[in-house]
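Here's the letter readout for the chains.
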Amino acid sequence: MNPSTEDRFDRNAGALAAEETLRMIATLPARAGLEDRVKAGLRSSARRGMVISWPFASADGWMHSTGMRTAAAAAIVLAVAGGGWGVYSHIRVAPVPSALVEPQLPNGAGRFSAAGAMHVPQTVEGPVVTAPLTEKQKQRASKVPQSPKHAATSGKGHENAPGSEKQRNVIE
Amino acid sequence: MSASQILVPGWMEIVESAVHDEARQHAEEAALAALVDQYASTLYRVAFSVLRNQQDAEDAVQEAFLRVLRHRETLGEIRDHRVWLVRIVWNIVLDRKRRAKTRPETDDIADLARVLPAMGLSAEQRASALQHHARVLGCVEKLPAREREVMLLSAFEELSSVEIAAVLGVTESSVRSRLFRARNLLAELLQHKRSAT
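Residues numbered from 1 in each chain as written. Chains lettered and ligands numbered in written order. Predicted model: local features only at pLDDT ≥ 70, side-chain atom pairs only at ≥ 80, totals over all residues.

J.: What's the story with the overall build of chain A in this structure? I'm lost.
T.: Along the backbone of chain A there are 6 helices and 0 strands. Ordered by position from the N terminus, the helices and strands of chain A form the series α-α-α-α-α-α. Counting over 172 residues, chain A shows a buried share of 6%. (Helix = DSSP H or I, 4+ residues; strand = E, 2+ residues; numbered from the N terminus. Buried ≥ 20, exposed ≤ 12 C-beta atoms within 10 Å, placed from the backbone.)

Set out below in structure tokens:
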């Protein structure tokens, strides 16, 4: 026997042995009473299924009638619809105003407002316009004798008087 | 026509319908019980060959018959109940196997040791046989899914290649070519393992 034939023989023997193992597993019998356990399981699940589907179905079978089924279905639909309507009718919806009232903007719509601020222009001390001195007034002013004290007081007191030095400067 | 005349035929119809439905229900239950008696054992063996756990296999059989119960109206349309049931349980066990993939392989072997017949073997021989079976099963698990499935189903002598094809939803020639490939691959794997040890 050459090596390749021997090798093939080994391979075939191995495969056959493997198949033999699988065949043996495939013939292992179940534990006794398998059929009874399966039937019991089916019975219990069928009973549960009936309870879920309709409680009167197993009692006398009247629910198998198409008319009765239709009536029952209609009753269920009515009950659901009535309940829904009851809930709907008790809900008060807040009245919706017919037109929207928009707040009036102080500076017109769509513009920036001044937020109530008022524009006050900066004022400067403006020129004081005085009436020009008449000749008479000029003469009278030159005739009046001026004591140093009086002159001081009069100068102080008529500082802003028309024709004074300061006033003249301001006018200029 | 009076009201009673209208009501009575309607009532009679309801009663007749109820009786008819009850009889039909009894017939369906009897047919299902007969299916359980006839095929529960076969289905169990199919389930066990994949799951290798007694309890899991029984659960799979139970689930298969529950599916039949749910579709019992279609029982009359089925031509070959055996193949149909094997196909149902086959899909269930594959699904369970996929979900329980994390289960260690040693559990399978331990279960197998519990159920394998002693057949007058000594403790040493038994241990050696178990080792051999474990090696074979390990190699079977390494086969590609298609080849493995055909291999497992072909171990059932009661299933022909045509029936295996029907269970798997493939052609008969496809079953044969897959089986050929599976045998070659398995032989290679076993030889490789033997030379490694």
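J.: Looking at this model, I keep getting lost on the overall build of chain B. Mind explaining?
T.: The number of helices and strands found in chain B is 8 helices and 0 strands. Listing the helices and strands of chain B from first to last along the sequence gives α-α-α-α-α-α-α-α. Relative to its full complement of 197 residues, chain B shows a buried share of 29%. Excluding contacts between residues fewer than 6 apart, the proportion of contacts in chain B whose partners are at least 24 apart in sequence is 67%. (Contact = placed C-beta atoms within 7 Å.)

J.: Please explain the interface of chain A and chain B as it appears in this structure.
T.: A common measure of how large an interface is: the accessible area buried when the components associate. Residue-level contacts link 33 residues of chain A with 36 residues of chain B. Here the element with the most residues in the side of chain A that touches chain B is helix H1 (residues 3-26) of chain A; it accounts for 13 residues. Class assignment of the residues belonging to the side of chain A that touches chain B gives a composition of 15 nonpolar, 9 polar and 9 charged. (Nonpolar A, V, L, I, M, F, W, Y, C, P; charged D, E, K, R; others polar.)

J.: Would you explain the nonpolar core in this entry?
T.: Side chains of nonpolar character tend, in soluble globular proteins, to be buried together. Counting 51 residues, the largest nonpolar core has B:Leu43, B:Ala47, B:Val61, B:Ala64, B:Val89 and B:Leu186 as its most contacted members. Considering every element that reaches this core, the biggest residue donor is helix H1 (residues 3-51) of chain B, with 11 residues. Discounting residues that sit within four places of it in the chain, B:Val61 has contacts with A:Val38, B:Ala40, B:Leu43, B:Tyr44, B:Ala47 and B:Val89. (Core = buried A, V, L, I, M, F, W, Y, C linked by C-beta atoms within 7 Å.)

J.: Any chance you could explain the confidence of the model for chain A here in plain terms?
T.: Detailed reading of predicted coordinates is not advised where the pLDDT is low. All names here are of chain A. Model confidence for chain A is summarised by a mean pLDDT of 70, while 54% of its residues fall at 70 or above. Per-element averaging of pLDDT across chain A places helix H5 (residues 148-157) at the bottom with 48 and helix H3 (residues 66-90) at the top with 87. In this model residues 51-60 is a low-confidence stretch, pLDDT under 50, and it forms 6 contacts with partners more than four residues away in sequence or in other chains. Confidence drops under a pLDDT of 50 for residues 151-159, and excluding neighbours within four residues, the segment shows 5 contacts in the predicted structure. (pLDDT = per-residue confidence, 0-100.)

J.: Whenever I open this one, the packing of helix H2 (residues 54-70) of chain B against helix H3 (residues 81-99) of chain B confuses me. Can you help?
T.: Helix-helix packing is described using two parameters, namely the angle between the two axes and the distance between the axes. Residues and elements named next belong to chain B. Two elements in contact, H2 and H3, have axes whose closest approach is 9 Å; the angle formed by their N-to-C orientations is 130 degrees. Here H2 lies oblique to H3, going by the angle between them. The interaxial crossing formed by H2 with H3 has right-handed handedness. Touching Asp 56, Ala 60, Val 61, Glu 63, Ala 64 and Arg 67 of H2 are Leu 85, Ile 88, Val 89, Ile 92, Val 93 and Arg 96, all from H3. (Axes fitted to C-alpha atoms, helices over the stretch in contact; angles between N-to-C directions. Parallel < 35°, antiparallel > 145°, perpendicular 65-115°, else oblique. Left-handed = near helix turned anticlockwise from the far one by under 90°.)

J.: How should unusual backbone geometry be read in this particular structure?
T.: Glycine aside, residues mostly have negative phi, and peptide bonds are mostly found in the trans state. Residues and elements named next belong to chain B. Positioned with a positive phi, Arg 52 is a non-glycine residue whose angle comes to about 55 degrees. Looking at the secondary structure, you find Arg 52 in the loop between H1 and H2. A tally of 22 C-beta atoms within 10 Å means that Arg 52 is categorised as buried.

J.: Would you mind showing me how to read the packing of H3(B) against helix H7 (residues 161-168) of chain B here?
T.: Residues and elements named next belong to chain B. Between H3 and H7, the least distance of the axes is 9 Å, while the angle of their chain directions is 50 degrees. Here H3 lies oblique to H7, going by the angle between them. Where H3 crosses over H7, the handedness of that crossing is right-handed. Only Glu 163, Ala 166 and Val 167 of H7 make contact with H3, whose side of the interface consists of Val 83, Val 86, Arg 87 and Trp 90. In the contact of H3 with H7, the residues fall into 5 nonpolar, no polar and 2 charged.

J.: Looking at this structure, I do not really get the confidence of the model for chain B. What am I missing?
T.: For chain B, mean pLDDT is 82; residues scoring 70 or higher make up 79% of the total. Reported for the predicted complex are a pTM of 0.58 and an ipTM of 0.76.

J.: Please clarify how H3(B) should be interpreted in this entry.
T.: At 3.6 residues per turn, the α-helix brings residues three or four places apart onto the same side. For H3(B), with 19 residues, the first-to-last C-alpha span of 27 Å sits near the 27 Å given by 1.5 Å per residue. Taken together, the buried positions of H3(B) are occupied by B:Leu85, B:Val86, B:Ile88, B:Val89, B:Trp90, B:Ile92 and B:Val93. (Expected span 1.5 Å × (residues − 1).)

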